[in-house]
Amino acid sequence: MAAQEMDNSTTWGKELWDQFDNIATHTQKGIDFIERFGGFIRDRSAIEVEYALKLRRLVKNYQPKKSKEDEENEFSSLIAFKNVLKEVADLAGQREVVAENLQNQVLQGILLLAKNLREERKKALNQGATLTQSLHTQIGTLDRAKRSYEKAFREAEKAIESYHKADADFHLSRADVEKQRVNMNIRNSQSEDAKSEYANQLQITNKQQQQHYQIALPEVFNRLQELDEKRTRGMKEFIKRSADVEYEVSPIIAHCLEGIVKAADSINEKDDSMIVIEKYQSGFQPPGDIPFEDLSKPDPDAANNSQTHNSSTGLNHMTGKGTTKDKLKKRVGIFGIFTGNKEDFSDLPPTQRRKKLTAKVQELQQKVAQEQAASDGLMKMKGVYEANSMLGDPRTVEEQLNESVNRLDRLRHELLRYQKLLEQANNQSFIQHSPQSNRVIQNGQRSSRHSNGSSNHENSHEDNGEDHPDDAGSLSSSASPESGLGTSHTSLPGSGQGSTNEQPMNEEFYEADTPLGTCRALYPFDATSEGSIPMSEGEELQVIEVDQGDGWTRVRRFSSKGWEEGFVPTSYIECTLYA
């Protein structure tokens, strides 16, 4: 109660009764201040919008590119990063919510409050100015009445003095004395009237001044005080409201941050390592030990190699120009020739082929199930139409049913074909040596297959009855993206639309390709990929370019069609290079 009474006693109207101008200045500064706070909220909202925009641009710029292969085998780190981007996008959305609420709930309220305060202040100041002007007018009237009274009083005193002098002067006539007396009475009467008017104006002025400083002007000041307190209270509410805007989105922001942490916890390095294995595993076995070649022992194949060298030299003489190895054309098409995309996935390594075939079988099984469900639905609809012709014409459904049955038959036939391919791939034994297992030894030295151990391998190969063409197909599959090939989009000169073995090469092209040596086919090879060349077991060919580390050697031969050039698996040949 005491505090309330003290609050009521300490008001602007009582304490600041003579500070009209200062109060007017203070209230104007207060309104300017809250408008400045509104500018702060507006600029902050713009920053929030800009921040959200930059966050969204950041998410867009770092969004991983979609690919079918990545979708099948996504690393946990990539999935986690995508989830992080989603959470950051949600954070951007929350910043936009903050900006919108600041504009709608805080800034608009500030602008409206400032407008109302400015209008109320203007009315209060106008009323205070009117009251002050009225009081000043009354005080001016009192001053004039006072000056009139002072003038009349001096004139009355002078008239009295003149009368007394005339009455004491015996030289003046009675009429002159009477005249002075009448003048004295008039002046006294005027003085009394002026005195009465002055007293009356003084009473009016005092009453108005009391009313002005105790009631009228304090009411104006109190209104200005309420206006200023309203501004201050509004400032408090708007600051709290701006904080509430943040509080409202903080649970969602916290949820986004929890999602980021959860995404980080979902990363599993072991699972990612297994995905790398599944993605790039070829199914080939590592190469075995390279046998020792004892050059001191006589080699029964030396004569054949000598003859081969002479025949190759003759072939080299037939080509005309003999360029050096430095001028040998660089292989430009090896990384593009074997880029296969066959329906049976025979251009892929064994493991990748089985993986693709399994995915294809699952896809076809799903399509068959969907088409079977659609066909069953059409059968039911046809039965309903046949039972009640009012519902529809069965012939319209019959045509759709026939199309569905035909599609179902095609899908089942394709599914059966891929199931057989998958079964064959699962039953097929792995190649024991990868295409890189047989390296050519430079300076005329023979490869590992030409050693004594190679003959044993050949015998064991024949005894086991392995299917070399299938192996060749597996070898050619190393040109798939998983094996590191197929990254170039160029092809060998003269390859055209078909394979090299279907179109003889231009002899002018060979004039610039000096043979590096000769090779003999250890196994038959069927060209199953574009850019490869077939060969039969024991066939002699010229080596145009040695293995570049991809498991393929570029060779050429002369046939009835002319010169043919292409690539063969390095592990299928033994090479003798010129010194």
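Preceding this paragraph is the structure being described.
Rules and cut-offs
- Residue numbers run consecutively from 1 along every chain, following the written order of its sequence.
- It should be noted that, the model being predicted, local features are given only for residues of pLDDT at least 70 and side-chain atom pairs only at 80 or more, the latter also being counted only at that level, while totals for whole chains, interfaces and linings use all residues.
- Based on all heavy atoms of the structure, the side-chain values leave hydrogens and waters out of the count.
- Starting at the N terminus, helices and strands are each numbered in turn, a helix being any DSSP run of H or I of at least four residues and a strand any DSSP run of E of at least two.
- Accessible areas in this description were obtained via Shrake-Rupley with a 1.4 Å probe; residue shielding takes into account the shown protein chains only.
- Take the number of residues in a helix, subtract one, and multiply by 1.5 Å to get its expected span.
- Note on bend: the value at a residue is the angle between axes fitted to the seven residues ending there and to the seven starting there.
- Classification of residues uses two cut-offs on accessible area relative to the type maximum, computed with a 1.4 Å probe and protein chains only: under 20% is buried, over 50% is exposed, and between them is partly exposed.
- In this scheme, strands are said to pair when DSSP sees at least two bridges between them.
- All axes are obtained by fitting lines to C-alpha atoms, using only the stretch in contact for helices, and the reported angles, taken between N-to-C directions, cover 0 to 180 degrees.
- Here a salt bridge means any side-chain nitrogen of Lys or Arg lying within 4 Å of a carboxyl oxygen belonging to Asp or Glu.
- When describing relative orientation, an angle under 35 degrees is termed roughly parallel and one over 145 degrees roughly antiparallel, while 65 to 115 degrees is termed roughly perpendicular and anything else oblique.
- Working rule for handedness: look at the near helix, and if it is turned counterclockwise from the far one by less than a right angle, call the crossing left-handed; if clockwise, right-handed.
- Contacts are assigned to residue pairs that have any heavy atoms within 4.5 Å of one another.
- Residues are grouped as follows: nonpolar covers Ala, Val, Leu, Ile, Met, Phe, Trp, Tyr, Cys and Pro; charged covers Asp, Glu, Lys and Arg; every other residue, Gly included, is treated as polar.
- Nonpolar cores were defined as sets of buried Ala, Val, Leu, Ile, Met, Phe, Trp, Tyr and Cys residues, with membership established by side-chain atoms within 4.5 Å.
- Patch rule: a residue counts if its relative accessible area is over 30% and it has no salt bridge; like charges are joined within 9 Å, and nonpolar side chains (Val, Leu, Ile, Met, Phe, Trp, Tyr) within 5 Å.
- Side-chain rings of Phe, Tyr and Trp (the six-membered ring for Trp) are treated as a pair once their centres are within 6.5 Å; stacked means planes under 30 degrees apart, edge-to-face means over 60, and tilted covers the remaining angles.

A. Spotlight on the overall build of the protein chain. When helices and strands are tallied, the protein chain shows 14 helices and five strands. Here the protein chain displays about 34,400 Å² of accessible surface, and carbon together with sulfur accounts for 52% of that area.

B. Just helix α6 (residues 174–265), in detail. The end-to-end C-alpha separation of α6 is 131 Å, in line with the 136 Å expected for 92 residues at 1.5 Å each. His212 marks where α6 bends most, by close to 50°.

C. Expanded view of the pairing of strand β4 (residues 562–569). Extensive coverage of β4 is indicated by the burial of eight of its eight residues. Where strand β3 (residues 552–559) and β4 come together, eight bridges link them in antiparallel fashion. Residue pairing for β4: Val555 is matched across the bridge by Gly566. Counting the residues in the hairpin turn of β3 and β4 gives two residues.

D. Structural context of the sheet that holds strand β5 (residues 573–577). Spatially, β4-β3-β2-β1-β5 is the arrangement adopted by the five strands of the open sheet, whose pairing is antiparallel. Both outer strands of the open sheet, β4 and β5, are each paired with one neighbouring strand and no more. Strand-to-strand twist of the sheet, defined as the mean angle between neighbouring strand axes without regard to direction, takes the value 35°. By the bridge criterion, three bridges tie strand β2 (residues 540–545) to β3 in an arrangement that is antiparallel. From the neighbouring strand, Val543 faces β3, where its bridge partner is Val555.

E. Structural context of the pattern of salt bridges. Under the counting rule described, the total for this entry stands at 21 salt bridges. Here Glu574 and Arg520 are joined by a salt bridge, their closest N and O atoms 2.8 Å apart. Linking Glu574 in strand β5 with Arg520 in strand β1 (residues 517–521), this pair joins segments that are 54 residues apart in sequence. The residue Glu539 makes a salt bridge to Arg557 at a minimum N-O spacing of 2.7 Å. Residue Glu539 is found in the loop between β1 and β2, and its partner Arg557 is found in strand β3; the two are separated by 18 residues along the sequence. When sorted by exposure, Glu539 lands in the same class as Arg557, which is buried.

F. Fine view of the packing of helix α3 (residues 20–61) against α6. In contact at an axis separation of 11 Å, α3 and α6 are set at 15° when each is read in the N-to-C sense. Classified by the angle their axes make, α3 and α6 are roughly parallel. Taken as a pair, α3 and α6 cross one another with a handedness that is left-handed. Together, Phe20, Ile23, His26, Thr27, Gly30, Ile31, Phe33, Ile34, Phe37, Ile41, Arg44 and Glu48 of α3 and Leu217, Phe221, Leu224, Leu227, Asp228, Arg231, Met235, Phe238, Ile239, Ser242 and Glu246 of α6 make up the contact between the two elements. A per-class count over the contact of α3 with α6 returns 14 nonpolar, four polar and five charged.

G. How the structure looks around the nonpolar core. Residues Ile34, Phe37, Ile41, Leu102, Val106, Ile110 and Phe238 are the most contacted members of the largest nonpolar core, which totals 20 residues. Secondary structure elements with two or more residues in this core: α3, α5 (76–168) and α6. The greatest single-element share of this core, amounting to nine residues, is contributed by α5. Leaving out residues up to four positions away in the same chain, Ile110 has contacts with Ile34, Phe37, Gly38, Ile41 and Phe238. Judged by nonpolar contacts, the second largest core, of 19 residues, contains Met535, Val543, Tyr572 and Leu577.

H. A nonpolar patch on the surface, seen in detail. A cluster of nonpolar side chains, namely Leu58, Tyr62 and Phe81, defines an oily patch on the protein surface of about 300 Å² accessible area. Relative to the helices and strands, Tyr62 resides in the loop between α3 and α4 (68–72). Residue class for Tyr62 comes out exposed when judged on its relative accessible area of 53%.

I. Main features of the packing of aromatic side chains. The final tally for this structure, using the stated rule, is nine aromatic pairs. Aromatic side chains Tyr149 and Phe153 sit 6.2 Å apart centroid to centroid with 40° between the ring planes, which places their arrangement in the tilted category. In this pair, Tyr149 and Phe153 both sit in helix α5, four residues apart, roughly one turn of the helix. On the basis of relative accessibility, which here comes to 18%, the residue Tyr149 falls in the buried class. Residue classification places Phe153 among the partly exposed residues on the basis of a relative accessible area of 36%.

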